[in-house]
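As a plain string of letters, each chain reads:
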Amino acid sequence: MAVPSGQFEINPSGIISLPILAIVLIPWLFILFIQLLPKGPIIKGVPGSFLDLFLCGSATKFAFLSGRSAHYFHSLHESYGKIVRFAPGQATTNTIRGLRNIYGAGSGKGTAFLKTGFYKGISRRNIFTASDPVYHASVRKLFAPSLSPGSMQAHAGVIRERILHLHATMKEKMEKTDTLSLNQLLYCHSVDTVSEVLLGKPLGCLKRGKPYFWTEQLPRIFYWSTIRDQFKGSGVPTMIKWMLRHLIRKGVRQSAEQARMRLINEQLGASHTRRDVMVEVMERAGTGDLPVPEIAENFSAIMLAGFHTTQNALCATIYFVLTHPEVHAKLNQELRSVFTSAEDVSGHVAQDLPYLNAVITESLRLYPPVPVGGPRVSPGAYVDGTYIPAGTEICTSIFALHHNPEYFNEPYEFIPERWTEPDCTDKKEAVQPFLVGSRSCVAKYFAKQMMQLTLAAFFLDFNAEYVGPVKDWQRESRCYAFWELPDLKLKLRKREID
Ligand code: HEM
């Protein structure tokens, strides 16, 4: 009988019979199961899914693979409490004390919760991936002074120039259509701004109309690093690595790295027209003992860490403001009382605007760009009253901490007034999107300044309306280290200044 069009004919002799499939599959699954059984210490007294314990943390693995890890960790805390086992040798906390115990612990030998092997899978040793506290401290000492609040003020003018370029690009596009998707534009803006402040050269992504491939590698690298971490010892990562190398994307990661290092090395040799971060760092490096290739590797790491994080935060804040008309009106009123347009936004004034900063902090609370806290290895210490044996992996889920109902009234609501009303009883110190301690975000003030200036300028220059399909920004986002954002589709009009 002829098979209807669009369907495949099934040849019964051509398919593998069920018993043969079972003979092959069952031993393979059994070996995989044995390989994935926990090899580290068992955490006693920490609750978690009983079923998952015997299924090698497969629910967690699925959550990571499907981009639901932030929500999954939060739901584990809702079911099991403040410290939860999310895989046989791995635990998470969602409390302020837990956060301080893990990330605020000293960096002394034997007392610090050091970064886990997960980071080694991301790239070579640098400020972000290093677990050795001595090496990390030497790099941090070299870069941190140029990213302090005092130093950042000197870059406000450059950031404003980038913003004006962004607005000019948007206005040009608005001549053809009044509806724009801002995701890529804000990504290009973040890349150009971060590279200009750090290296003294905007990469020209906005001008080009799209990012360079190598600027977008980090989420993929994080994704594969997570898979490697979750499936370590099972042979699965080796198989995937082999397939990627030989069959699919031969050398993509390598050429991305080469392109990035070429740019940095060019800038190290170029003459700079202003005192950007690279000029300052190289002056300081003259008296230290970090070789130039190591400094270049660190510039690369710092730059990459800034691209997606700031774009995530900018997009989310614009979405939250535009979907809350009363917040939008209040913010406009504050901005217009001190600035006329994007041309005159200034870092000094923006940093002291209470409502603008409340909007930013509330957005970072609801939608922290790094939602699942960085994993650390316990040195054998108490975390919020529970002993976590040496060698166990533990983290604070920032998303779960920021939504902890013990700390926040209406934790799922966007309420900037939490940060301005003196009577508000919410626990403010529970909001730590940049983490705390010696491994917290080294560029926190840079990120904040970029947000203050970019957002102030956007709301001053445009009347905007959100016209995208999303009703719940958080639920509709996938999380692979950073968020994979929904479409920030806006209907825009240039604001007439009266
Ligand atoms: C809103 C924006 C940002 C947020 C929420 C954020 C958040 C974070 C968090 C949570 C960490 C700790 C990660 C971990 O331990 O696994 C971190 C580290 C780091 N961030 Fe950011 N970040 C932002 C923007 C930036 C920018 C703009 C840059 C650079 C231009 C940057 C550079 C770094 C670096 C280099 C580290 C590693 C610091 C160290 O270990 O000493 N970040 N950031």
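What you see is a predicted model; the values in this text were computed from it and never measured.

## A look at the packing of aromatic side chains
Phase 1 of the analysis: Tallied over the entire structure, the rule returns 16 aromatic pairs.
Phase 2 of the analysis: Aromatic side chains Y319 and F320 sit 5.7 Å apart centroid to centroid with 70° between the ring planes, which places their arrangement in the edge-to-face category.
Phase 3 of the analysis: Centre to centre, the rings of F458 and F462 are 5.7 Å apart; their planes meet at 35°, and the pair counts as tilted.
Phase 4 of the analysis: What makes F458 buried here is its relative accessible area of 4%.
Phase 5 of the analysis: An aromatic cluster of at least three residues, connected via ring pairs, comprises Y319, F320, Y367, F399, F414, Y466, W473 and W483.
Phase 6 of the analysis: Lying over the aromatic face of F128, K115 brings its terminal NZ or CZ to 4.3 Å of the ring centre.
Phase 7 of the analysis: Here the basic side chain of R365 rests over the ring of F408, its NZ or CZ set 4.9 Å away from the ring centre.

## Some thoughts on the site of the ligand
Phase 1 of the analysis: In the vicinity of the ligand lie 26 residues, with Y119, H136, R140, R376 and C441 positioned nearest.
Phase 2 of the analysis: The backbone of I127 places a nitrogen or oxygen atom 3.2 Å from an oxygen atom of the ligand.
Phase 3 of the analysis: R140 places a polar side-chain atom, nitrogen or oxygen, 2.7 Å from an oxygen atom of the ligand.
Phase 4 of the analysis: Only α6 (133-143), α15 (292-322) and α20 (444-461) provide two or more residues apiece to the shell around the ligand.
Phase 5 of the analysis: With five residues, α15 is the largest single contributor of residues to the shell around the ligand.
Phase 6 of the analysis: Across the shell around the ligand, the residue classes tally to 17 nonpolar, five polar and four charged.

## Topic: helix α9 (residues 183-199)
Phase 1 of the analysis: Here α9 contains 17 residues, and its C-alpha end-to-end distance of 24 Å stays within 8% of the 24 Å for a straight helix at 1.5 Å per residue.
Phase 2 of the analysis: For α9, a buried count of 16 out of 17 residues is recorded, marking the element as mostly surrounded by other parts of the structure.
Phase 3 of the analysis: Just downstream of α9 lies G200, where phi reads positive at about 80°.

## Re the sheet that holds strand β9 (residues 462-466)
Phase 1 of the analysis: Ordered in space as β4-β12-β9, the three strands form an open sheet in which the pairing is antiparallel. Pairing within the sheet leaves two strands with one partner each, and these edge strands are β4 (179-181) and β9. Taking each pair of neighbouring strands and ignoring which way they run, the sheet shows an average axis angle of 40°.
Phase 2 of the analysis: Here helix α8 (residues 156-174) sits on the sheet in contact with β4, β9 and β12 (489-494), set at roughly 95° to β12.
Phase 3 of the analysis: Those strands touched by α15 are β9 and β12, and its axis lies near 85° from that of β9.

## Describing the sheet that holds strand β1 (residues 83-87)
Phase 1 of the analysis: Spatially, five strands are ordered β1-β2-β8-β5-β3 in an open sheet, and the strand pairing comes out mixed. Only two strands of the sheet have a single neighbouring strand rather than two, namely β1 and β3 (114-115).
Phase 2 of the analysis: In this sheet, strand β2 (residues 90-93) lies alongside β1 in antiparallel orientation, the contact comprising four bridges. Across the sheet, R85 pairs through a bridge with A91, a residue of β2.
Phase 3 of the analysis: With respect to the sheet, helix α4 (residues 69-80) is in contact with β1, β2 and β8 (393-396), its orientation differing from that of β1 by roughly 130°.

## Details of the pairing of β8
Phase 1 of the analysis: Because side chains alternate across β8, one face comprises the buried residues E393 and C395, and the other comprises I394 and T396, equally buried.
Phase 2 of the analysis: Inspection of the sheet shows β2 paired to β8 by four bridges, in the parallel sense. Bridge pairing links Q90 to E393 in β8.
Phase 3 of the analysis: Looking at chain direction, strand β5 (residues 376-377) and β8 are connected through two bridges and run antiparallel. Bridge pairing links V377 to E393 in β8.

## As for unusual backbone geometry
Phase 1 of the analysis: Its identity as a non-glycine residue notwithstanding, D384 has a phi of 45°, on the positive side.
Phase 2 of the analysis: Structurally, D384 is set in the loop between β6 (381-383) and β7 (386-388).
Phase 3 of the analysis: The buried category is assigned to D384, whose relative accessible area is 6%.
Phase 4 of the analysis: Despite not being glycine, A481 shows a phi value in the positive range, around 70°.
Phase 5 of the analysis: Residue classification places A481 among the partly exposed residues on the basis of a relative accessible area of 25%.

## Some words on the nonpolar core
Phase 1 of the analysis: Counting residues in hydrophobic clusters, the biggest one holds 137 residues, and the most contacted among them are L182, I318, F458, W473, L488, L490 and L492.
Phase 2 of the analysis: Here this core takes 17 residues from α15, the largest share from any one element.
Phase 3 of the analysis: If we ignore the near neighbours within four places in the chain, the residues touching L488 are L180, S181, L182, N183, L186, C315, I318, Y319, Y466 and W473.

## Some details on the environment of W473
Phase 1 of the analysis: Along the chain, W473 falls in the loop between β9 and β10 (478-480).
Phase 2 of the analysis: Between the C-alpha atoms of W473 and V442, which are 31 residues apart in sequence, the distance is 28 Å.
Phase 3 of the analysis: When residues no more than four places from it in sequence are discounted, the contact partners of W473 are C315, A316, Y319, F320, Y367, L485, P486, D487 and L488.

## Some remarks on α6
Phase 1 of the analysis: The complete set of buried residues in α6 reads Y135, H136, V139, R140, L142 and F143. Each buried residue of α6 sits inside an arc of 160° when the element is viewed along its axis, so together they form one side. In α6, those exposed residues whose orientation departs by more than 90 degrees from the buried face are V134 and K141.
Phase 2 of the analysis: The inward-facing, buried residues of α6 contact α14 (277-285) and α15.

## Topic: the UniProt feature "binding site: heme" (unreviewed entry) in the protein
Phase 1 of the analysis: According to UniProt, the "binding site: heme" (unreviewed entry) feature falls on C441.
Phase 2 of the analysis: Mapped onto the fold, C441 is located in the loop between α19 (398-402) and α20.
Phase 3 of the analysis: The class for C441 is partly exposed, based on a relative accessible area of 31%.
Phase 4 of the analysis: With sequence-adjacent residues up to four places away left out, C441 is seen in contact with R140 and F434.

## Remarks on a nonpolar patch on the surface
Phase 1 of the analysis: Taken together, the side chains of L18, L21 and L25 make up a nonpolar region of the molecular surface, amounting to roughly 280 Å² of accessible area.
Phase 2 of the analysis: Looking at the secondary structure, you find L25 in helix α1 (residues 18-36).

Definitions and cut-offs
Here the residue numbering is sequential within each chain, running from 1 through the sequence in written order. Side-chain atom pairs in this predicted model are given and counted only at pLDDT of 80 or more, local residue features only at pLDDT of at least 70, and totals for whole chains, interfaces and linings cover all residues. Values shown for side chains rest on all heavy atoms present in the structure; no hydrogens or waters enter the calculation. Classification of ring pairs rests on two measures: the distance between centres of Phe, Tyr or Trp rings, Trp counted by its six-membered ring, which must be within 6.5 Å, and the angle between planes, read as stacked under 30 degrees, edge-to-face over 60 and tilted in between. Note on classification: 1.4 Å probe, protein chains only; a residue is buried when its accessible area is under 20% of the maximum for its type, exposed when over 50%, partly exposed between these limits. A ring is scored as having a charge over it whenever the NZ atom of a lysine or the CZ atom of an arginine sits within 6 Å of its centre and within 35 degrees of its normal. Nearness here has a simple test: a residue counts as near a molecule or strand if at least one of its heavy atoms is within 4 Å of that partner. Within 3.5 Å is the distance limit for a polar contact, defined as a pair of N or O atoms, with the added protein rule that one can donate a hydrogen and the other accept it, and that residues adjacent in sequence qualify only through two side-chain atoms. Going along the chain from the N terminus, every DSSP run of H or I of four or more residues is numbered as a helix, and every run of E of two or more is numbered as a strand. Put simply, Ala, Val, Leu, Ile, Met, Phe, Trp, Tyr, Cys and Pro go in the nonpolar bin, Asp, Glu, Lys and Arg in the charged bin, and everything else, Gly too, in the polar bin. Expected helix span is computed as 1.5 Å times (number of residues minus one). DSSP bridges decide pairing: two strands pair if at least two such bridges lie between them. Lines fitted to C-alpha atoms define the axes here, with helix axes fitted over just the stretch in contact, and angles between the N-to-C directions of these axes take values from 0 to 180 degrees. Here, two residues are considered to be in contact whenever any of their heavy atoms come within 4.5 Å of each other. We call a set of buried residues a nonpolar core when its members are Ala, Val, Leu, Ile, Met, Phe, Trp, Tyr or Cys and they connect through side-chain atoms within 4.5 Å of each other. Comment: arc refers to directions from the helix axis out to C-beta atoms. UniProt positions are given in the numbering used here, feature names are shortened, and annotations may be inferred rather than shown by experiment. Each patch is built from residues lacking any salt bridge and having more than 30% relative accessible area; the joining distance is 9 Å for like charges and 5 Å for nonpolar side chains (Val, Leu, Ile, Met, Phe, Trp, Tyr). A 1.4 Å probe and the Shrake-Rupley method give the accessible areas. Residues count as covered only by the protein chains that appear here. Throughout this description, the term salt bridge denotes a Lys or Arg side-chain nitrogen within 4 Å of a carboxyl oxygen of Asp or Glu.

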